[in-house]
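# Per-entry structural report
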Amino acid sequence: MNLHEYQGKEILSSFGVRVQRGIVADNHKSAVDAAKQLSAETGTGWWVIKAQIHAGGRGKGGGVKLAKNLGEVESISKNIIGMMLKTPQTPPQGKKVHQVLIAEDVYYPGDSEPEEFYMSVLLNRGAGKNMIMYSTEGGMDIETVAEETPHLIFLEEVDPATGLLPFQARKIAFNLGLSGKAFKEMTKFATSLYEAYVKSDATLFEINPVLKTSDDKILAVDAKVTLDNNALFRHKDYVDLRDLREESPIEVEANAAGLNYVDLDGNVGCMVNGAGLAMSTMDLIKQSGGEPANFLDVGGTADAERVETGFRIILKDPAVKAILVNIFGGIVRCDRVAQGIVDAYKNMGDEIKVPIIVRLQGTNAVEAKELIDKSGLNVISVVEFKEAADKVQEVLG
Ligand code: GDP
Ligand code: MN
């Protein structure tokens with residue numbers, strides 16, 4: 001589950017990580033109130049208005065703006081709320097902004113220049129350890145840094161059994177070129193950030209930029225956080241942080257129906273039982289010249305009701321030109337699945353306007369094929385994997 005910047009910062013704050021403070025607002029009036037309240041609490045005279053969407057690169061897309069008075073807070077908020085914000089990470093049409101974060105300006109002038117760093121915590125599956133990735137080159141795309149100046153990215157592996165050890169935190173601060181108060185602040189920052197990552201059961205905390213202010217404070221200006229869905233049961237208070245407006249509506253509906261569905265860009269809908277078979281079916285579609293429109297694992301019970309729900313969800317995507325059903329019948333016998341497909345098809349009548357190719361293999365596969373062939377419906381039944389691929393190619397023309 002992905003979080004908004006303001007939600008990520010709240011979690012960070014609760015673990016003692018210093019953050020750029022802010023108050024979220026969903027209209028320009030409450031944005032002005034938020035700005036006033038923030039000034040009372042932090043003494044800030046300038047504010048940054050930050051669009052809250054699940055995508056990075058907002059600054060470049062015009063979704064992060066500095067306001068130097070309350071009039072500007074109002075006009076900038078008015079512009080940003082409701083806009084379709086386009087960044088390198090959004091779909092081409094952009095993402096609608098429902099909320100802005102009114103944040104204190106932390107780039108104020110002082111004894112030294114503010115400095116931007118990069119820091120993230122994530123799992124290194126290969127090593128079986130957590131990893132802190134950090135760099136002196138903050139504020140820009142870490143992908144670009146990795147490509148152009150890879151020697152400026154540091155990795156610190158952390159054994160989950162010991163956690164981040166004090167010498168490791170000092171090494172991080174040292175490699176970032178810090179000294180004095182900022183050095184100490186950075187060791188505390190990295191330590192609390194790691195703790196937040198572990199205790200919130202996150203799979204990613206990416207802070208870009210981590211800022212050294214002109215008076216040597218270290219704080220998180222941005223926060224990209226992904227929580228592990230499988231651990232949400234331990235964090236009842238995080239469940240409400242999910243913002244369904246940020247997710248694909250088809251995915252939300254499918255998940256509510258208990259289907260494992262991921263929206264993709266292609267033209268061939270697939271309905272499969274088992275994630276492994278679903279993956280190989282997608283490969284097969286690609287090899288036969290099509291592009292999968294989705295990943296859909298209907299799970300163990302491919303009965304008429306589930307098949308119908310599956311068809312309905314796949315057909316919500318207007319790009320779908322054919323549907324490939326690939327079911328392995330083990331405990332669920334193929335003839336029962338075939339009956340489910342026939343019943344679902346009859347029930348949906350002319351809602352189905354694209355050809356359906358069904359490949360059923362396993363227990364009672366022969367009976368299943370017969371059942372479909374005799375149904376007189378526009379369903380092409382095949383037995384072999386390769387045949388299914390050829391049929392997909394054929395119907396796509
Ligand atoms: P992103 O573009 O989606 O990654 O959003 P960020 O939260 O990282 O903000 C983008 C940029 O806005 C930062 O890299 C900063 O340069 C700038 N910015 C953020 N906060 C402040 C602030 O308090 N004052 C000023 N002047 N600029 C800021
Ligand atoms: Mn950022």
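A quick note: this is a predicted structure, and the numbers were derived from the prediction, not measured.

Attention now moves to the packing of helix 11 (residues 304-315) against helix 12 (residues 334-348). Close contact between helix 11 and helix 12 brings their axes to 8 Å; oriented N to C, the two are set at 55 degrees. Taken together, helix 11 and helix 12 sit at an angle that is classed as oblique. Every pair of crossing elements has a handedness; the one defined by helix 11 and helix 12 is right-handed. From helix 11, Ala304, Val307, Glu308, Phe311, Arg312 and Leu315 reach across to helix 12, where they touch Gly340, Ile341, Asp343, Ala344, Asn347 and Met348. Considering only residue class, the contact of helix 11 with helix 12 consists of seven nonpolar, two polar and three charged.

What UniProt calls "domain: ATP-citrate synthase/succinyl-CoA ligase C-terminal" (unreviewed entry) maps, in this numbering, to residues 271-392. Summarising residues 271-392: 48% helix, 20% strand, and an end-to-end C-alpha distance of 14 Å.

Turning to the domain arrangement of the protein, a few remarks are in order. Assigned domains of the protein: these are domain 1 (1-19 + 108-247), domain 2 (21-105) and domain 3 (248-396). Between the C-alpha centres of domain 2 and domain 3 the distance comes to 44 Å.

Formed by 39 residues in total, the largest nonpolar core has its most connected members in Leu12, Met119, Ile132, Met186, Phe189, Phe205 and Ile207. Going through the elements one at a time, helix 1 (5-14), strand 7 (115-124), strand 8 (129-135), helix 6 (166-175), helix 7 (180-199), strand 10 (202-212), strand 11 (218-220) and strand 12 (224-227) are the ones with two or more residues in this core. Broken down by element, the residue count for this core peaks at eight residues, all from helix 7. Setting aside residues up to four positions removed in sequence, Ile132 forms contacts with Met119, Ser120, Val121, Phe154, Leu155, Glu156, Val158, Leu164, Ile172 and Tyr194. Of all hydrophobic cores here, the second largest spans 34 residues; its members include Leu296, Ala302, Ile341 and Leu360.

Before going further, it helps to spend a moment on the UniProt feature "binding site: substrate" (unreviewed entry) in the protein. Per the UniProt entry, the sites bearing "binding site: substrate" (unreviewed entry) are Asn273, Gly330, Ile331 and Val332 in this numbering. For the annotated residues, spread through 60 residues, the largest C-alpha to C-alpha distance comes to 11.7 Å, consistent with a single compact locus. Its place among the elements puts Asn273 in the loop between strand 14 (268-272) and helix 10 (275-287). For Asn273, the contacting residues outside a window of four places in its chain are Asp297, Val298, Gly299, Asn326, Ile327, Phe328 and Val332. Only 2.9 Å separates the side chain of Asn273 from the backbone oxygen of Phe328, close enough to count as a polar contact. Mapped onto the elements, Gly330 comes out in the loop between strand 16 (322-329) and helix 12. On the basis of relative accessibility, which here comes to 33%, the residue Gly330 falls in the partly exposed class.

The subject of this paragraph is the pairing of strand 2 (residues 47-51). Counting buried positions along strand 2 gives five out of five residues, so the element sits mostly inside the fold. Here strand 2 shows two buried faces, one formed by Trp47, Ile49 and Ala51 and the other by Val48 and Lys50. Bridge count between strand 2 and strand 3 (residues 64-67): four bridges; the pairing is antiparallel. When the sheet's bridge partners are listed, Val48 is paired in strand 3 with Leu66. Looking at chain direction, strand 2 and strand 6 (residues 100-104) are connected through five bridges and run antiparallel. Bridge pairing in strand 6 places Val48 opposite Ala103.

Where helix 13 (residues 365-374) is concerned, the buried positions are Ala365, Ala368 and Ile372. Along the axis of helix 13, the buried positions cluster into a sector of 60 degrees, meaning they face one direction only. For helix 13, the exposed residues lying more than 90 degrees away from the buried face are Val366 and Lys374. At its buried positions, helix 13 is contacted by helix 12, strand 17 (356-362) and strand 18 (379-382). A positive backbone phi angle near 75 degrees is found at Gly376, which sits one or two residues after helix 13.

The subject of this paragraph is the coordination of the manganese ion (ligand 2). On the protein side, the manganese ion (ligand 2) has Asn208 (O) and Asp222 (OD) as donor atoms, found 2.2 Å from it. Of this pair, Asn208 sits in strand 10 while Asp222 sits in the loop between strand 11 and strand 12; the two residues are 14 residues apart in sequence, bridging distant segments of the chain.

Another aspect to go through is the side chain of His54. Residue position: His54 is located in the loop between strand 2 and helix 3 (58-61). Classification of His54 by relative accessible area gives buried; the value is 19%.

Mapping Gly138 onto the fold places it in the loop between strand 8 and helix 5 (142-148). It is 8.2 Å that separates the C-alpha atoms of Gly138 and Glu115, two residues lying 23 residues apart in sequence. Those residues in contact with Gly138, other than ones at most four positions away along the chain, are Glu116, Phe117, Tyr118 and Asn208.

This part covers the state of the cysteines. Simply put, disulfide is the name for a covalent bond between the sulfur atoms of two cysteines. According to the stated counting rule, one finds zero disulfides in the structure shown. Free of any disulfide, Cys270 has its nearest neighbouring cysteine sulfur in Cys334, separated by 18 Å. For Cys334, a relative accessible area of 0% puts it in the buried group.

So, how was this worked out
- Residues numbered from 1 in each chain as written.
- Chains lettered and ligands numbered in written order.
- Predicted model: local features only at pLDDT ≥ 70, side-chain atom pairs only at ≥ 80, totals over all residues.
- Heavy atoms only, no water.
- Axes fitted to C-alpha atoms, helices over the stretch in contact; angles between N-to-C directions.
- Helix = DSSP H or I, 4+ residues; strand = E, 2+ residues; numbered from the N terminus.
- Parallel < 35°, antiparallel > 145°, perpendicular 65-115°, else oblique.
- Left-handed = near helix turned anticlockwise from the far one by under 90°.
- Contact = heavy atoms within 4.5 Å.
- Nonpolar A, V, L, I, M, F, W, Y, C, P; charged D, E, K, R; others polar.
- UniProt positions renumbered as here; feature names shortened; annotations may be inferred.
- Domains from an automatic or database assignment.
- Core = buried A, V, L, I, M, F, W, Y, C linked by side-chain atoms within 4.5 Å.
- Buried < 20%, exposed > 50% of the residue type's maximum accessible area, 1.4 Å probe, protein only.
- Polar contact = N/O pair within 3.5 Å; in protein donor to acceptor, adjacent residues only side chain to side chain.
- Pairing = 2+ DSSP bridges.
- Arc of directions from axis to C-beta.
- Donors = N, O, S within 2.8 Å, 3.2 Å for Na, K, Ca; no water.
- Disulfide = S-S within 2.5 Å.

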